[in-house]
Amino acid sequence: MQALLNAIATMAPMSTDALRVFHGRGGLYPGCEHWVLDVFPPVWVLTSFQPVAEEELAIVGAALSARWEQLHPGEPLNWVFQTRHEGRSETRLMAGSVPDPHVVTEQGARYRVHVARGQNHGLFLDMAEGRRWVRDYAAARSADRYGLKVLNLFAYTCAFSVVALQAGAKQVVNVDMAQGAIAIGQQNHQLNGLTTGASFLAHDIFSTWGKITRGGPYGLVIVDPPSFQRGSFVATKDYARLMRRLPDLLAPGGHALLCLNAPELDTAFLQDQMREIAPELEFVERVANPAVFADVSQERSLKVLAYRLPALELV
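Residues numbered from 1 in each chain as written. Predicted model: local features only at pLDDT ≥ 70, side-chain atom pairs only at ≥ 80, totals over all residues. Heavy atoms only, no water.

Enquirer: Please explain the overall build of the protein chain as it appears in this structure.
Expert: Each helix and strand counted, the protein chain has 9 helices and 16 strands in total. In terms of overall dimensions, the protein chain has C-alpha extents of about 70 × 40 × 35 Å along its principal axes. Of all 315 residues assigned to the protein chain, the portion counted as buried reaches 49%. If you sum the accessible surface of the protein chain, you get close to 14500 Å²; carbon and sulfur atoms cover 51% of it. The average position of the 28 basic charges and that of the 31 acidic charges among the side chains of the protein chain differ by 7 Å. (Helix = DSSP H or I, 4+ residues; strand = E, 2+ residues; numbered from the N terminus. Buried < 20%, exposed > 50% of the residue type's maximum accessible area, 1.4 Å probe, protein only. Areas by Shrake-Rupley, 256 points an atom, 1.4 Å probe, with all protein chains shown as cover. Lys, Arg positive; Asp, Glu negative; His and termini not counted. Charge placed at Lys NZ, Arg CZ, Asp CG, Glu CD.)

Enquirer: Help me out: how do you make sense of the sheet that holds strand β3 (residues 43–48) in this one?
Expert: Adjacent strands of a sheet pair through backbone hydrogen bonds, lying either parallel or antiparallel. Pairing in this open sheet of 5 strands is mixed, and the strands run β1-β2-β3-β4-β5 from one edge to the other. Each end of this open sheet is capped by a strand with a single partner; those strands are β1 (19–23) and β5 (88–95). Going across the sheet, the axis of each strand differs from the next one's by a mean of 20°, ignoring polarity. (Pairing = 2+ DSSP bridges. Axes fitted to C-alpha atoms, helices over the stretch in contact; angles between N-to-C directions.)

Enquirer: I keep staring at the pairing of strand β14 (residues 250–260) and nothing clicks. Help me out?
Expert: Note on strand geometry: in a regular strand, side chains alternate between the two faces of the sheet. For β14, the buried fraction is high: 9 of the 11 residues fall into the buried class. In this sheet, β14 lies alongside strand β11 (residues 218–223) in parallel orientation, the contact comprising 5 bridges. Residue pairing across strands places Ile 222 opposite Leu 257, the latter belonging to β14. Inspection of the sheet shows β14 paired to strand β16 (residues 303–308) by 6 bridges, in the antiparallel sense. Among the inter-strand pairings, Ala 256 is bridged to a residue of β16, identified as Tyr 307.

Enquirer: Help me understand the side chain of His 114, please; the structure alone is not making it clear to me.
Expert: Along the chain, His 114 turns up in the loop between β7 (109–113) and α3 (128–140). In terms of polar contacts, His 114 uses its side chain to reach the backbone carbonyl oxygen of Asn 120, at 3.5 Å. Aside from chain neighbours lying at most four places away, what touches His 114 is Asn 120, His 121, Gly 122, Tyr 156 and Ile 184. (Polar contact = N/O pair within 3.5 Å; in protein donor to acceptor, adjacent residues only side chain to side chain. Contact = heavy atoms within 4.5 Å.)

Enquirer: What exactly am I supposed to notice about the packing of aromatic side chains here?
Expert: Any two aromatic rings considered together are summarised by their centre-to-centre distance and by the angle between their planes. Applying the stated criterion across every chain yields a total of 10 aromatic pairs. Ring plane angle 45° and centroid distance 6.5 Å describe the contact between Trp 35 and Phe 81, whose orientation is recorded as tilted. Of this pair, Trp 35 sits in strand β2 (residues 35–40) while Phe 81 sits in strand β4 (residues 79–85), and the two are 46 residues apart along the sequence. Grouping residues by exposure puts Trp 35 and Phe 81 together as buried. Measuring from centroid to centroid gives 6.0 Å for Phe 233 and Tyr 239, while their planes differ by 75°, and the two rings are edge-to-face. Within the aromatic cluster, the residues linked to one another by ring pairs are Phe 154, Phe 206, Trp 209, Phe 233 and Tyr 239. One residue, Arg 25, lies across the ring of Phe 49, its end atom 3.8 Å from the ring centre. (Phe/Tyr/Trp six-rings, centres within 6.5 Å; stacked < 30°, edge-to-face > 60°. Lys NZ or Arg CZ within 6 Å of the ring centre and 35° of its normal.)

Enquirer: Just to check I follow, could you spell out the pattern of salt bridges for this structure?
Expert: Tallied over the full model, the rule gives 11 salt bridges. The closest approach of N and O atoms between Glu 54 and Arg 92, which form a salt bridge, is 3.0 Å. Of this pair, Glu 54 sits in helix α2 (residues 54–71) while Arg 92 is found in strand β5, placing the two residues 38 residues apart along the sequence. In this structure Arg 92 comes out as partly exposed when scored by relative accessible area, which is 28%. One salt-bridge network, held together by shared partners, links Lys 237, Asp 238 and Arg 241. (Salt bridge = Lys/Arg side-chain N within 4 Å of Asp/Glu carboxyl O.)

Structural data, given as structure tokens:
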């Protein structure tokens, strides 16, 4: 675990933004592939993707305490440890406390998180550059005649919606079947003073196409599904169903942002299907991941691809 200990020994003072500090999952640090360290101020979150001995955990805890005392002498250290293994997770408060409610920031936006329970904490840190892309896209189109309308599919806690509206989008339709996540998404809008422009549909996307389509066309469609969620979405069979809808959902000149976080599926999985299913859409770019999420193989890491439906040509 030396690479993790080195990262702790050299980490900067706690940022005001939530971010990843150490990403062993990228495979760049042999022997540390199961370790991840995040900061959701004012709480550090250490995660292991395999069981670890209490002796190892004590070593990491001592390193955190020593570095924290150097950086913030006299202030209490708050940290949580989570083990994920064979589809199960266990979370333990190791020192200090966790705020309730717990609100963090990222790029000027505020989000409600919950690091003491569940595997997902309310904000996916690897999508930070995807959110930046959406912010920049919405800002560039904020002066459009009719305003930018965004469709946010698999919205989770609606972070994409928050940044789009902050940047000047006129309307965002958020769709996710998890009512609890949508409720937190509504709180996130309130935290950021966004009282208009967003709608929230706690529905199964595949049974809500009529309502979704009637709300269009959209200048931006964001597709950020789970890679595998039994009974809800399996990328290998369900992503194609989403792609077929894109030409009818998008306004001419509009963009689609396709996201996929499945190490076993490469970029070609998305690109080949798009060429076959929605050839009208042109590939624009792959959005870079945050540098801290570097991986031994770019194809294993989060994939965020931007596509564009060409504008109508005037005759």
